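Given next are the chains, with one letter for each unit.
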Amino acid sequence: MGLLSVIVPCYNEEENIALFYEELIKNDSFFGEKGIEAEILYIDDGSTDRTVEEVKKLREKDGRVHLVSFSRNFGKEAAIYAGLEHCRGDYAVLMDVDLQDPPSLLPEMFRGLEEGYDSVATRRVSRRGEPPVRSFFARLFYKLMKKISKTEIMDGARDYRLMTRQMVNAILSMQEYNRFTKGIFGWVGFRTKWLEYENVERARGETKWSFWKLLIYSLDGITAFSTVPLMIAVVAGVLFCLLAFVMILFIIVRKLIFGDPVSGWPSLVCIILFLSGVQFFCTGILGQYLAKTYMEVKRRPIYLIREEI
Ligand code: UDP
Ligand code: MG
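Nothing here was measured: the structure is a model prediction, and the numbers come from that model.

### A closer look at the packing of aromatic side chains
Then comes step 1: Under the definition given, this model contains 15 aromatic pairs.
Then comes step 2: The interplanar angle of 50° and the centroid separation of 5.1 Å between the aromatic rings of Phe180 and Tyr217 together place this pair among those described as tilted. In this pair, Phe180 sits in the loop between helix 7 (165–172) and helix 8 (181–188) while Tyr217 sits in helix 9 (residues 211–225), placing the two residues 37 residues apart along the sequence. As far as the burial class goes, Phe180 and Tyr217 line up, both buried.
Then comes step 3: Taking NZ or CZ as reference, Arg161 lies 4.1 Å from the ring centre of Phe185, over its face.

### Some details on the nonpolar core
Then comes step 1: Within the largest apolar cluster, 36 residues are counted, with the highest numbers of intra-cluster contacts made by Ile43, Phe70, Leu84, Met163, Ile171 and Tyr303.
Then comes step 2: Every element with two or more residues in this core is listed here: strand 2 (36–44), strand 3 (65–70), helix 4 (76–86), strand 4 (91–94), helix 6 (132–148), helix 7, helix 8 and helix 9.
Then comes step 3: Per-element accounting of this core gives the leading share, six residues, to helix 4.
Then comes step 4: Look past the residues within four positions of Leu84 in its chain and what remains in contact with it is Ile7, Ala92, Leu94, Met163, Val168, Ile171 and Leu172.

### As for the coordination of the magnesium ion (ligand 2)
Then comes step 1: Bound to the magnesium ion (ligand 2) are the protein donor atoms Asp98 (OD) and Gln100 (OE1), situated 1.9 Å from the metal. Residue Asp98 shares its accessibility class with Gln100, and that shared class is buried.

Parameters and conventions
- Residues numbered from 1 in each chain as written.
- Chains lettered and ligands numbered in written order.
- Predicted model: local features only at pLDDT ≥ 70, side-chain atom pairs only at ≥ 80, totals over all residues.
- Heavy atoms only, no water.
- Phe/Tyr/Trp six-rings, centres within 6.5 Å; stacked < 30°, edge-to-face > 60°.
- Helix = DSSP H or I, 4+ residues; strand = E, 2+ residues; numbered from the N terminus.
- Buried < 20%, exposed > 50% of the residue type's maximum accessible area, 1.4 Å probe, protein only.
- Lys NZ or Arg CZ within 6 Å of the ring centre and 35° of its normal.
- Core = buried A, V, L, I, M, F, W, Y, C linked by side-chain atoms within 4.5 Å.
- Contact = heavy atoms within 4.5 Å.
- Donors = N, O, S within 2.8 Å, 3.2 Å for Na, K, Ca; no water.

Set out below in structure tokens:
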């Protein structure tokens, strides 16, 4: 069938490198049957542990293993981009090294391609083993995105996805600096088949995503794939103008009928505080988009390589 590139971003995953390899090569007999050759690209995202050494050890055993090592930590999105850029496969699959994306699903994913899909994606239907607060906010994020973005972003979608060369090239053609891969997959389109599975907990080590990091990541996702927040200022502005107009009429009429006992200091302070809050909020949103635009126009490279094998 051709060459399959397996792209595996790794950041401080020394314990998982070999474990992942062992799981992946369980598919070798399937690959043999189908006439699929494989290359395994470990993308080291500036790890400070023995990740690179572990990959090199595998490389000595198996020539299909390749390494791209970054000069520092650039983030998973950058690692995915580098992987797609360096792979030579007719198909590419993205996988986490912690075995949360089970390699045993690969044969089923290939069946999807044979059915004529351009891409086979996975989503987890449960969030077992995850802190409830995190699940709650994750769900909220997907609901919000559905409302404010035209790009389809699936709840629970993983980055675990098998795709054709055509789709890989489409993704590579999106050279934006603020990369939100879940949105990019949706944006490029193509015919996608979804496979569902129960959440699997990571094999070894700790997740690299704190709640705070995820929150910031979700805000990046919103600014990258929706401009609806910019409308808040417009809507709020119109509403408050209308309100002000009604209030002016009210005050004038009251003055004419009842005279004017000077009062209303507390309500005035509340109104000023409230309105300046709304104004700061809207300026903040504007600032977010401006900051993203600023980073985009600098055209900095998405990643830098220190070593490549
Ligand atoms: N990862 C990466 N760079 C980072 C953070 C994570 O390449 O800055 C990799 C990590 O090694 C793993 C995958 O991205 O293969 C998913 O990370 P993790 O398991 O920590 O995230 P979670 O599964 O908890 O969302
Ligand atoms: Mg994980």
